[in-house]
Amino acid sequence: MIAAWASNYIGLPFRWNGYGRDGIGCYGIVALVLQEQFGIALPRHDDIADLLEAGSDAEVPDVRGWQEIQISDARAGDILHMMGMHNGKPLPMHIGLFVSPRHVLHIEKDVGSCIVDIRSKRHAWRVIGAHRHV
């Protein structure tokens, strides 16, 4: 059964690295839902990148509290890591949020935010792994 709150996030427009309902990226939509539905605040993606570029002495945000889980154990609120396409090449660079054990809310250019079945032929090859906030 798909989580009732998921319908509030369908149809949002895509914007690369966006964080708002007027334009949002894959990390942005995961951060938005985790904050609004689960009270989990993720650091902004660009803040993490800036810290990593600053060098090893930079203070990287605390990522404790997340554990890798089996895809078969996924539930609403877990993060799914997926392959994405960049310049025609598949790369491990896309994420979504589980809204049921087999359905994920995610967003893509030219599609907007939507819910997909991760077992479908179009999406099954993209699945890399999953994490849960503990």
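Residues numbered from 1 in each chain as written. Predicted model: local features only at pLDDT ≥ 70, side-chain atom pairs only at ≥ 80, totals over all residues. Heavy atoms only, no water.

Chemist: Can you walk me through the overall build of the protein in this structure?
Modeler: The secondary structure content of the protein amounts to three helices and eight strands. Considering the protein as a whole, with its 134 residues, one finds that 39% of them fall into the buried category. Taking all contacts inside the protein whose residues are at least 6 apart in sequence as the whole, residues at least 24 apart take part in 49%. Within the structure as shown, the protein displays about 7900 Å² of accessible surface, and the carbon and sulfur contribution to it stands at 53%. (Helix = DSSP H or I, 4+ residues; strand = E, 2+ residues; numbered from the N terminus. Buried < 20%, exposed > 50% of the residue type's maximum accessible area, 1.4 Å probe, protein only. Contact = heavy atoms within 4.5 Å. Areas by Shrake-Rupley, 256 points an atom, 1.4 Å probe, with all protein chains shown as cover.)

Chemist: Sorry, what's going on with the nonpolar core here?
Modeler: Among soluble globular proteins, nonpolar side chains are generally buried collectively. Membership of the largest hydrophobic core comes to 21 residues, with the highest contact counts inside it found for Trp-5, Tyr-9, Ile-29, Val-30, Val-33 and Leu-97. In terms of residues, this core owes the most to one element, helix H1 (residues 26–38), which gives seven residues. Those residues in contact with Ile-29 that lie beyond four places of it in its chain are Tyr-9, Leu-12, Ile-24, Leu-105, Ile-107 and Ser-113. One finds Ile-69, Leu-80, Met-82 and Ala-130 within the second-largest nonpolar core, a separate group that totals eight residues. (Core = buried A, V, L, I, M, F, W, Y, C linked by side-chain atoms within 4.5 Å.)

Chemist: Would you mind showing me how to read the environment of Ile-10 here?
Modeler: Residue position: Ile-10 is located in the segment before strand E1 (19–20). Residue class for Ile-10 comes out partly exposed when judged on its relative accessible area of 44%. Through-space distance from the C-alpha of Ile-10 to that of Ile-115 is 7.3 Å; in sequence the pair is 105 residues apart. In contact with Ile-10, not counting residues within four places along its chain, are Ser-113 and Ile-115.

Chemist: Honestly, the environment of Ser-100 in this entry has me stumped. Any pointers?
Modeler: Here Ser-100 shows up in the loop between strand E5 (89–98) and strand E6 (103–108). Given a relative accessible area of 3%, Ser-100 falls into the buried group. Separated by 26 residues in the primary sequence, Ser-100 and Ala-74 have C-alpha atoms spaced 7.6 Å apart. In contact with Ser-100, not counting residues within four places along its chain, are Met-1, Ile-2 and Ala-76.

Chemist: I would appreciate a short explanation of the packing of aromatic side chains in the present structure.
Modeler: Where two aromatic rings form a pair, the distance of their centres and the angle of their planes describe that pair. Enumeration over the complete set of coordinates arrives at four aromatic pairs. For the ring pair Trp-5 and Phe-38, a centre distance of 5.7 Å and an interplane angle of 90° mean the geometry is edge-to-face. On the criterion of sequence distance, the pair formed by Trp-5 in the segment before E1 and Phe-38 in helix H1 is long-range, its members being 33 residues apart. The buried category is assigned to Trp-5, whose relative accessible area is 15%. (Phe/Tyr/Trp six-rings, centres within 6.5 Å; stacked < 30°, edge-to-face > 60°.)

Chemist: What is the right way to read the confidence of the model for the protein from this model?
Modeler: Detailed reading of the predicted model is not advised wherever pLDDT is low. Averaged over every residue, the pLDDT of the protein is 88; the share at 70 or more is 85%. Helix H2 (residues 45–54) is the least confidently modelled element of the protein, averaging 54 in pLDDT, while strand E7 (residues 112–117) averages 97, the highest of any element. (pLDDT = per-residue confidence, 0-100.)

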